[in-house]
Amino acid sequence: MLVLGIESTAHTFGVAIVRMQAAEQPQVLANVRRTYTTTSGGLIPAKLSEHHMNVFSSVLSDALVQAGASVPDVGLVAYSRSPGIGHALRIGAGVARSLALRHSIPLVGVNHCVAHLEVGRVLSGRDDVSLLYASGANTQVLAREGGAYRVFGETLDLGVGNFLDTVARLLGLGFPGGPQLEELAKQYSGPLIELPYSVKGMDVSFSGMQTAVKRLIESGASAQGIAFSVQETVFAMLVEVSERALAHTGKECLVLGGGVACNARLQEMCRLMCVDRGVEFFAPPNEFLVDNGAMIALLGARVFAQSGGVAVSKAGIDPYERVEQC
Ligand code: AMP
Ligand code: MG
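Analysis parameters
- Residues numbered from 1 in each chain as written.
- Chains lettered and ligands numbered in written order.
- Predicted model: local features only at pLDDT ≥ 70, side-chain atom pairs only at ≥ 80, totals over all residues.
- Heavy atoms only, no water.
- Helix = DSSP H or I, 4+ residues; strand = E, 2+ residues; numbered from the N terminus.
- Rg over C-alpha atoms; globule rule 2.2 N^0.38 Å.
- Contact = heavy atoms within 4.5 Å.
- Areas by Shrake-Rupley, 256 points an atom, 1.4 Å probe, with all protein chains shown as cover.
- Lys, Arg positive; Asp, Glu negative; His and termini not counted.
- Charge placed at Lys NZ, Arg CZ, Asp CG, Glu CD.
- Expected span 1.5 Å × (residues − 1).
- Buried < 20%, exposed > 50% of the residue type's maximum accessible area, 1.4 Å probe, protein only.
- Polar contact = N/O pair within 3.5 Å; in protein donor to acceptor, adjacent residues only side chain to side chain.
- Near = heavy atom within 4 Å.
- Nonpolar A, V, L, I, M, F, W, Y, C, P; charged D, E, K, R; others polar.
- Axes fitted to C-alpha atoms, helices over the stretch in contact; angles between N-to-C directions.
- Parallel < 35°, antiparallel > 145°, perpendicular 65-115°, else oblique.
- Left-handed = near helix turned anticlockwise from the far one by under 90°.
- Donors = N, O, S within 2.8 Å, 3.2 Å for Na, K, Ca; no water.
- 1 Å grid on protein atoms, 1.4 Å probe; cavity = no way out; pocket = protein on both sides within 12 Å on 5 of 7 lines; lining within 4 Å.
- Points joined across faces, edges and corners; volume = space filled by probe spheres on them.
- Domains from an automatic or database assignment.
- Buried area = accessible area lost by both parts, 1.4 Å probe.
- Salt bridge = Lys/Arg side-chain N within 4 Å of Asp/Glu carboxyl O.
- Pairing = 2+ DSSP bridges.

Draft legend 1. Spatial organisation of the overall build of the protein chain. Helix and strand counts for the protein chain come out as 10 helices and 12 strands. The C-alpha radius of gyration computed for the protein chain amounts to 20 Å, which stays within 12% of the reference 20 Å derived for 326 residues, consistent with globular compactness. Across the protein chain, contacts joining residues at least 24 apart in sequence account for 74% of those joining residues at least 6 apart. Surface accessibility of the protein chain: about 13800 Å² in total, with carbon and sulfur atoms responsible for 51%. The positive charge centre, built from 25 side chains, and the negative charge centre, built from 29, are 6 Å apart in the protein chain.

Draft legend 2. Expanded view of helix H3 (residues 112-124). Across its 13 residues, H3 extends 18 Å between first and last C-alpha, which sits within 8% of the 18 Å expected from 1.5 Å per residue. Those residues of H3 lying buried are His-112, Cys-113, Val-114, Ala-115, His-116, Leu-117, Glu-118, Val-119, Gly-120, Arg-121 and Val-122. Residue Asn-111 occupies the N-cap position of H3, its side-chain oxygen lying 2.8 Å from the main-chain nitrogen of Cys-113.

Draft legend 3. Representation of the site of ligand 1 within the structure. Around ligand 1 there are 15 residues in total, and Gly-136, Asp-165, Glu-182, Gly-259 and Asn-263 lie nearest to it. The contact in question runs from an oxygen atom of ligand 1 to an N or O atom on the backbone of Gly-178, over 3.0 Å. Between Val-260 and ligand 1, the recorded distance is 3.4 Å, taken from a backbone N or O atom to an oxygen atom. Elements with a contribution of two residues or more to the shell around ligand 1: helix H4 (160-170) and helix H5 (177-186). Looking at which element gives the most residues to the shell around ligand 1, the answer is H5, with 4 residues. Residue composition of the shell around ligand 1, grouped by class: 4 nonpolar, 9 polar and 2 charged.

Draft legend 4. The arrangement of unusual backbone geometry in detail. Residue Pro-176 is reached from Phe-175 by a cis peptide bond, and omega for that bond is -5°. As for its position among the elements, Pro-176 is in the loop between H4 and H5.

Draft legend 5. Spatial organisation of the packing of H4 against H5. At a closest axis distance of 8 Å, the pairing of H4 and H5 adopts a crossing angle of 65°. By the criterion of interaxial angle, the relationship of H4 to H5 is roughly perpendicular. Like other packed secondary-structure pairs, H4 and H5 cross with a definite hand, here left-handed. Contacts between H4 and H5 involve Leu-164, Asp-165, Val-167 and Ala-168 from the former and Gly-177, Gly-178 and Leu-181 from the latter.

Draft legend 6. Main features of the coordination of the magnesium ion (ligand 2). The coordination sphere of the magnesium ion (ligand 2) contains the protein donors His-112 (NE2), His-116 (NE2), Tyr-133 (OH) and Asp-291 (OD), at a distance range of 2.1 to 2.4 Å. Read from N- to C-terminus, the donor residues coordinating the magnesium ion (ligand 2) fall into the pattern H-x3-H-x16-Y-x157-D. One end of the pair, His-112, is in helix H3; the other, Tyr-133, is in strand S6 (residues 129-134), with 21 residues separating them in the sequence. The exposure classification of His-112 matches that of Tyr-133, with both residues buried.

Draft legend 7. Structural detail: the layout of surface pockets. Of the pockets and cavities examined, the second largest pocket occupies roughly 300 Å³. Considering the residues around the second largest pocket, the lining is formed by 18 residues, among which Gly-109, Val-110, Asn-111, Val-303 and Cys-326 are closest to the centre. Here the lining of the second largest pocket takes 5 residues from helix H10 (residues 293-307), the largest share from any one element. When its residues are assigned to classes, the lining of the second largest pocket shows 8 nonpolar, 5 polar and 5 charged.

Draft legend 8. Geometry of the domain arrangement of the protein chain. We note that the domain assignment places domain 1 (2-116 + 288-325) and domain 2 (125-287) within the protein chain. Opposite the 17 residues of domain 1 that make contact, domain 2 presents 21 residues. Summing the contributions of domain 1 and of domain 2, the shared interface buries around 1600 Å²; its carbon and sulfur component is 59%. Contact with domain 2 buries surface across domain 1, with His-116, Phe-288 and Leu-289 losing the most and accounting together for 40% of the total. Scanning the region where domain 1 abuts domain 2 turns up 1 salt bridge. Between Arg-322 and Glu-154 there is a salt bridge, with the nearest N and O atoms lying 3.0 Å from each other. In this assembly, domain 1 and domain 2 are joined by 10 residue pairs in polar contact (both at pLDDT 80 or more).

Draft legend 9. Geometry of the pairing of S6. Buried residues dominate S6, accounting for 6 of its 6 residues. The side-chain alternation of S6 yields two buried faces, one formed by Val-129, Leu-131 and Tyr-133 and the other by Ser-130, Leu-132 and Ala-134. Note: S6 against strand S7 (residues 139-145), 5 bridges, orientation antiparallel. Residue Leu-132 lies in a different strand from S7, and its bridge partner there is Val-141. Taking the residues between adjacent antiparallel strands as the criterion, S6 and S7 are bridged by 4 residues.

As structure tokens, then:
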């Protein structure tokens, strides 16, 4: 069966076509996306929905062409129903409903955070995984435990990517800041500059570090030293809570998700921790770490197999849904 997955929780509009095959790994035939970018900082919801409206038909047709498929070949349409920015979610849900209605295809809506977990599970080939989800707006450690999805740890304030972007902005760098900090950090060979290390139980917090970074910049510290020290400190915090979640849950594999997880240093630190603990580590290729339609298709197939689809008239969105509610 071909599953068409639509992602539209935030800046990315993505469409994927995935072939689900009994007893074999699913095959991703196409995974196309366009991302809204801005030089002026935050995402303006109205601009975002305009972007998604403008690109959806070309993303859809590019995905179909790449997959060598047409809409009537599709056996299931899956879309991201939660959580995210309402203006963006509505475009994806609208496209999904139109396709389902026009071609009488079953429809299912899924949770975006759980989809990051699912793509890690499927691509790693490990059933019992824990996810470190490190993106712009989200920072969570997730796993399925006792028959439900649970958050084992999360940020108490900013998402880690938004924090890195703020540090980059304070240093006068452009957006997105994470990749630029990664490059700067590689150029530094001095000692670690001490920054507030804020792990509270299973949760993390970045606001104290943000204040400390502002002071460091005022005192004339080098951008390279700041980038290096921010990365080392922030990633150590994420690795600590990920390790504690592995210890609590006894999961056999840590998988990564989210744009920040593209960072080679974060991947290295996670890998070292997992080797030390004797568990598997899996970082999906970047196209599956960032927001993408393939993960929506994969989770959609699973949800549909377990609990069936949703009527077009009831296929809504839920901008604030938590994974515990899934
Ligand atoms: P997402 O919200 O999952 O689309 O991820 C976007 C966030 O990932 C932005 O905050 C980026 O700055 C961040 N990001 C992307 N690539 C990297 C990288 N190589 N290192 C650190 N952060 C990154
Ligand atoms: Mg995401």
